[in-house]
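In case you want the letters, here they are:
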Amino acid sequence: MFNDTVECMDIKDMARPLDGAGVSAFLRSLPAEPLLLGLGEARHFVGELGELRNQIFRHLVEHEGYRSFAIESDCLMGLVVDDYVATGAGTLDDVMERGFSHAFGASPANRELVRWMRAYNEERDDKLRFFGFDGPLEYWAASPSQALTSLCALLDGPLPCTGETLDALLGPDERWANEASAMDPSQSIGRSADAQRLRLIADDLVALLDTQAPRLSAEDWERAALYGRTATGLLRYHYWLADASPERWPRLSALRDAMMAANLRAVAECGPALVSSHNLHLQRNKSFMPFGDQVLEWWSAGAITARHLGDRYAFLASAFGVIDDDTPPSDTVEGVLSTLPWDRSLTDARRLAEAVTEPAPRISHDFAYFPLDPAQLDTIDGVVFIKFIKQAVKLG
């Protein structure tokens, strides 16, 4: 319901049509220029939102000086995309197949984004950058082999182990990337003697990297630091995959977002950047997600990043109005936003939280759509609202 002192028409005073001018006006309203501007997804694989995200990024590049884009995808695979947009190495088809995780390479919006970034870079010396900021994991996790061997290749002098020893400890990638380990801790090798020794080696390699930082180029340092973060993060994740306690999944969820946050802090050093991910990963408050007979609870990557960047981190959450035949009730936040005259709008979330009191939570029949949590509006900077979702929403 609306606060008694606020009339429905006042909602327009808190919102603007979502175009370039609206995005720039929103940025000017923030207490500081963000190094990272998070644009959350209420659901993955929504075509309209992907197209809108691309429009926002183009405006940010052309009018606000943004030079980086980061997406919730494998950070090591993202190097393939970054090389392509910088140099044109490979083909677009190959890059979309090898440069994304979580089926994001099949997204038409992501394909168009990569194509546009490459075309932009062909004509300019000040290159755009592309980053994946998720770890190389799903519910299970990849082998740390690529991260460890690539890190060793960038270091000089005596290493904590020989290449032969490292290869023997790692073994085949398949014994790490075992999907069965997601639901069965006994299938994980994360607490084996080999894995335990690899954790010590990874720690020594990261320490060695710090001692050699002055001899590395900026590009080599950036990549070596990424390999170090990824190797230690994966080995830590594998350790908890092998845990059989009730804390297993909350800890794994928290570790994944901590890896994301560490990557985002590195992206911020190349900022300002637009960050594309699920609302659950970018929000400032704790994330909650039903998982079997549990409700998982953990601090999101956005919450961790905001702790480090303060006002230099901003978060836009997305929300939808009518989805197919699902219309939001008028007493929900989505119902209130549906009264705006624009199909796509950007609303000051903190002012909206003051104007709308005791809104009802929206209940969605689509398990993959996460409606706005009305109790958390005051932790969001702005709401990107799409009144009608006309395209079919696809699962990845």
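Residues numbered from 1 in each chain as written. Predicted model: local features only at pLDDT ≥ 70, side-chain atom pairs only at ≥ 80, totals over all residues. Heavy atoms only, no water.

Some details on the overall build of the protein chain
Next, step 1: Along the protein chain, the regular secondary structure elements total 14 helices and ten strands.
Next, step 2: Over its C-alpha trace the protein chain gives a radius of gyration of 22 Å, about what one expects of a compact globule, namely 21 Å for 396 residues.
Next, step 3: Principal-axis analysis of the C-alpha atoms places the extent of the protein chain at approximately 70 × 55 × 35 Å.
Next, step 4: A sequence separation of at least 24 residues applies to 79% of the contacts in the protein chain between residues at least 6 apart. (Helix = DSSP H or I, 4+ residues; strand = E, 2+ residues; numbered from the N terminus. Rg over C-alpha atoms; globule rule 2.2 N^0.38 Å. Contact = heavy atoms within 4.5 Å.)

Describing the environment of Ser-188
Next, step 1: For Ser-188, the position within the fold is in the loop between helix H7 (163-170) and helix H8 (193-212).
Next, step 2: Leaving out residues up to four positions away in the same chain, Ser-188 has contacts with Ser-181, His-238, Leu-241 and Ala-242.
Next, step 3: Within the structure, the side chain of Ser-188 is placed 3.0 Å from the backbone nitrogen of Gly-190, a separation counted as a polar contact. (Polar contact = N/O pair within 3.5 Å; in protein donor to acceptor, adjacent residues only side chain to side chain.)

Topic: the packing of helix H10 (residues 248-268) against helix H12 (residues 301-309)
Next, step 1: Between H10 and H12, whose axes approach to 8 Å, the crossing angle comes to 45°. Here H12 runs oblique to H10, going by the angle between their axes. The chirality of how H10 crosses H12 is right-handed. Seen from H10, the contacting residues are Asp-257, Ala-258, Met-260, Ala-261, Leu-264, Arg-265 and Ala-268; seen from H12, they are Ala-301, Ile-304, Thr-305, His-308 and Leu-309.
Next, step 2: Along the lines of polarity and charge, the residues of the contact of H10 with H12 split into eight nonpolar, two polar and two charged. (Axes fitted to C-alpha atoms, helices over the stretch in contact; angles between N-to-C directions. Parallel < 35°, antiparallel > 145°, perpendicular 65-115°, else oblique. Left-handed = near helix turned anticlockwise from the far one by under 90°. Nonpolar A, V, L, I, M, F, W, Y, C, P; charged D, E, K, R; others polar.)

Things to note about the domain arrangement of the protein chain
Next, step 1: In terms of domain boundaries, the protein chain breaks down into domain 1 (11-137 + 260-389) and domain 2 (144-245).
Next, step 2: Computed from C-alpha atoms alone, the centre-to-centre distance between domain 1 and domain 2 is 30 Å.
Next, step 3: The interface of domain 1 with domain 2 comprises twelve residues on the first partner and ten residues on the second.
Next, step 4: For the domain 1 face of the interface with domain 2, the top three residues by lost area are Leu-76, Leu-79 and Leu-137, together amounting to 47%.
Next, step 5: For Glu-222, the salt bridge identified is with Arg-129, shortest N-O distance 2.6 Å.
Next, step 6: Counting the contacts that link domain 1 with domain 2 gives three residue pairs in polar contact (both at pLDDT 80 or more).
Next, step 7: Only helix H3 (78-87), strand S4 (129-134) and H10 provide two or more residues apiece to the side of domain 1 that touches domain 2.
Next, step 8: With three residues, the top contributor of residues to the side of domain 1 that touches domain 2 is H10.
Next, step 9: Looking at the side of domain 1 that touches domain 2 residue by residue, the classes come out as nine nonpolar, one polar and two charged. (Domains from an automatic or database assignment. Buried area = accessible area lost by both parts, 1.4 Å probe. Salt bridge = Lys/Arg side-chain N within 4 Å of Asp/Glu carboxyl O.)

Focus: the pairing of strand S10 (residues 382-389)
Next, step 1: With seven of eight residues buried, S10 is to be regarded as a mostly interior element.
Next, step 2: Pairing analysis gives seven bridges linking strand S8 (residues 313-323) to S10, with the strands arranged parallel. Its bridge partner lying in S10, Leu-316 is registered against Gly-382. (Buried < 20%, exposed > 50% of the residue type's maximum accessible area, 1.4 Å probe, protein only. Pairing = 2+ DSSP bridges.)

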